[in-house]
Amino acid sequence: MGASASASAMDTGSGVHAFTLVALLLIGPLLACAWLSVRQTALVSCAALALAVAASLGHGVPPGADTALRLGGLLLGCALTVYAAHRRTSLESALDSAREVARITQRVIMRPISRDLSGTHVCTRYVSAAPESTLGGDLYDVAMTPFGLRVLVGDVRGHDLEALRLTAATLTAFREVAYTAPDLPAVVTGLDKRLAPELGPEDFVTALLAEFAPGEVRLVNCGHPAPVRSGRRAELLEPAVPSPPLGLHPDPPQYRVRLQPGDRLLLYTDGLTEARAPDGTPFPLLPEVTRALREPLPDDALHRLHTSVLAHTTGGAPYDDLTLVLCQATEVTSPVPVS
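Scope of this entry: the structure provided in the associated data block. On a predicted model such as this, the values are computed, not experimentally measured, just so you know. (Residues numbered from 1 in each chain as written. Predicted model: local features only at pLDDT ≥ 70, side-chain atom pairs only at ≥ 80, totals over all residues. Heavy atoms only, no water.)

1. A closer look at the packing of helix α5 (residues 161–177) against helix α6 (residues 184–195)
- Direction vectors running N to C along α5 and α6 enclose 135°, while the axes themselves pass 9 Å from each other. Regarding the angle of α5 to α6, the classification is oblique. You can see that α5 and α6 cross each other, and the crossing is right-handed. On α6, the residues touching A169, T170, A173, F174, E176 and V177 of α5 are A186, V187, G190, L191, R194 and L195. (Axes fitted to C-alpha atoms, helices over the stretch in contact; angles between N-to-C directions. Helix = DSSP H or I, 4+ residues; strand = E, 2+ residues; numbered from the N terminus. Parallel < 35°, antiparallel > 145°, perpendicular 65-115°, else oblique. Left-handed = near helix turned anticlockwise from the far one by under 90°. Contact = heavy atoms within 4.5 Å.)

2. Some points on the pattern of salt bridges
- In total, this model carries 12 salt bridges according to the counting rule given.
- Between R165 and E198 there is a salt bridge, and its shortest N-O distance comes to 2.6 Å. With R165 in helix α5 and E198 in the loop between α6 and β5 (205–213), this residue pair connects regions lying 33 residues apart in the sequence.
- A relative accessible area of 34% places R165 in the partly exposed class.
- For E198, a relative accessible area of 33% gives the class partly exposed.
- In this structure, E288 engages R291 in a salt bridge whose closest nitrogen and oxygen atoms are separated by 2.8 Å. (Salt bridge = Lys/Arg side-chain N within 4 Å of Asp/Glu carboxyl O. Buried < 20%, exposed > 50% of the residue type's maximum accessible area, 1.4 Å probe, protein only.)

3. Brief notes about the pairing of strand β2 (residues 120–127)
- Of all 8 residues in β2, 6 are buried; the element is thus mostly enclosed.
- Note: strand β1 (residues 114–117) against β2, 4 bridges, orientation antiparallel. Bridge pairing links L117 to T120 in β2.
- The hairpin turn running from β1 into β2, its antiparallel successor, is 2 residues long, and S118 in that turn takes a positive phi close to 55°.
- Where β2 meets strand β11 (residues 322–329), 8 bridges bridge the pair, whose relative direction is antiparallel. Pairing of V122 across the sheet is with C327, part of β11. (Pairing = 2+ DSSP bridges.)

4. A short note on the packing of helix α8 (residues 285–292) against helix α9 (residues 298–313)
- Their axes nearest at 8 Å, the elements α8 and α9 cross at an angle of 145°. When you trace α8 past α9, the crossing you get is right-handed. Taking contact as the criterion, the partners of E288, V289, R291 and A292 in α8 are, on α9, A301, R304, L305 and S308.
- Across the contact of α8 with α9, the residue classes tally to 4 nonpolar, 1 polar and 3 charged. (Nonpolar A, V, L, I, M, F, W, Y, C, P; charged D, E, K, R; others polar.)

5. Topic: the environment of P261
- Turning to its location among the elements, P261 is positioned in the loop between β9 (255–258) and β10 (264–268).
- A residue is classified by how much of its surface remains accessible, and P261, at 41% relative accessible area, is partly exposed.

6. Digging into the side chain of T145
- Tracing the chain through its elements places T145 in strand β3 (residues 138–145).
- The class of T145 is buried, set by a relative accessible area of 10%.
- Setting aside anything within four residues of it in sequence, one finds T145 in contact with R150, A178 and Y179.

7. What about the sheet that holds β3?
- Spatially, the 5 strands line up as an open sheet ordered β3-β4-β5-β6-β9, and their pairing is antiparallel. Two strands close off the open sheet at either side, each with one partner strand: β3 and β9. With direction set aside, neighbouring strand axes in the sheet form an average angle of 20°.
- Taken together, the 4 bridges between strand β6 (residues 216–222) and β9 define a ladder with antiparallel strand orientation. Pairing of V217 across the sheet is with V257, part of β9.
- Along the sheet, α5 makes contact with β3, β4 (148–156) and β5, crossing β3 at roughly 15°.
- Those strands touched by α6 are β4, β5 and β6, and its axis lies near 150° from that of β5.

8. Here's the deal with the sheet that holds strand β8 (residues 234–236)
- As summarised here, the arrangement of the 6 strands in space is β1-β2-β11-β10-β7-β8, forming an open sheet in which the pairing is antiparallel. Of all the strands in the sheet, just β1 and β8 have a single pairing partner and so form its edges. Across the sheet, the mean angle from the axis of one strand to that of its neighbour is 20°, orientation sign disregarded.
- Against the sheet, α8 engages β7 (228–230), β8 and β10, with an angle of about 135° to β8.

9. Considerations on the state of the cysteines
- For the structure on display, the rule yields 0 disulfides.
- Cysteine C123 shares no disulfide, and the gap to the nearest cysteine sulfur, in C327, comes to 7.9 Å.
- Overall, C123 belongs to the buried group, its relative accessible area being 0%. (Disulfide = S-S within 2.5 Å.)

Right, dumping it as structure tokens:
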């Protein structure tokens with residue numbers, strides 16, 4: 001009887017040991033489904049099942065209900081890990097496709113520009129705050145109108161698909177109004193009217209509009225950061241009277257600034273003014289803009305300015321989306337007398 005009890009205890013111990021080993025073997029497929037492909041996860045699962053069978057036979061566990069239950073549980077766990085790997089890869093593929101669609105949509109909505117337009121060279125740069133996403137609330141556009149070259153730079157509240165929808169609505173409204181409104185205040189009125197049905201109670205769009213004429217630029221600012229004129233020195237072109245953003249019924253006055261040949265006008269979003277170093281130091285706007293705009297080529301100037309922002313914010317929290325639009329007069333012009 002003692003021998004029988006001893007044998008039963010040995011069988012129980014071997015069974016428990018085999019059960020523990022079978023449970024540990026499931027760790028491999030679980031890790032595989034989180035990182036590997038479906039095929040690789042299936043191979044790891046097959047290897048785990050083979051090891052479980054070998055472990056059960058090697059420890060002298062007689063085939064029975066307990067052994068079948070343990071192996072059946074491992075088989076079910078391996079099948080679930082293969083399914084999990086399939087779902088993960090499917091979701092990753094769908095996410096990659098969505099990101100590619102978003103990237104293409106963003107480039108269609110806000111096409112990169114670097115060209116001469118009616119005596120003014122315009123170049124642009126847009127950088128999203130999130131490296132894994134191209135969706136943001138910044139916007140810009142240009143329009144060659146009967147009244148001259150008109151440029152829009154704006155910032156929609158938010159950074160998601162809703163912001164992208166409002167960005168598209170703002171650009172569409174600008175392309176409808178810019179060619180018919182006789183002056184920039186009229187453009188603002190048309191934009192605000194067309195955006196009203198699209199904006200929620202807490203939505204708004206800051207906007208800066210520029211209209212280039214011989215020897216000058218006309219500006220209208222709706223709650224947006226003031227542009228910088230770089231000539232003999234760099235200076236902010238602040239409006240005399242602040243105006244609220246689009247969506248809050250702005251009525252901004254137009255102000256005019258002379259532009260000499262070679263002068264540059266930098267339009268940007270608050271991703272530049274709100275950039276912070278890890279210790280909270282704000283980005284030195286005018287000194288860095290002055291240094292960057294010394295570059296002979298406008299595209300090189302924007303690249304240097306963007307590099308300066310990255311260097312300033314290294315190690316800190318991601319700053320806001322950044323849009324830079326640089327305009328430079330390329331022809332010797334003077335105000336045209338009106339008959």
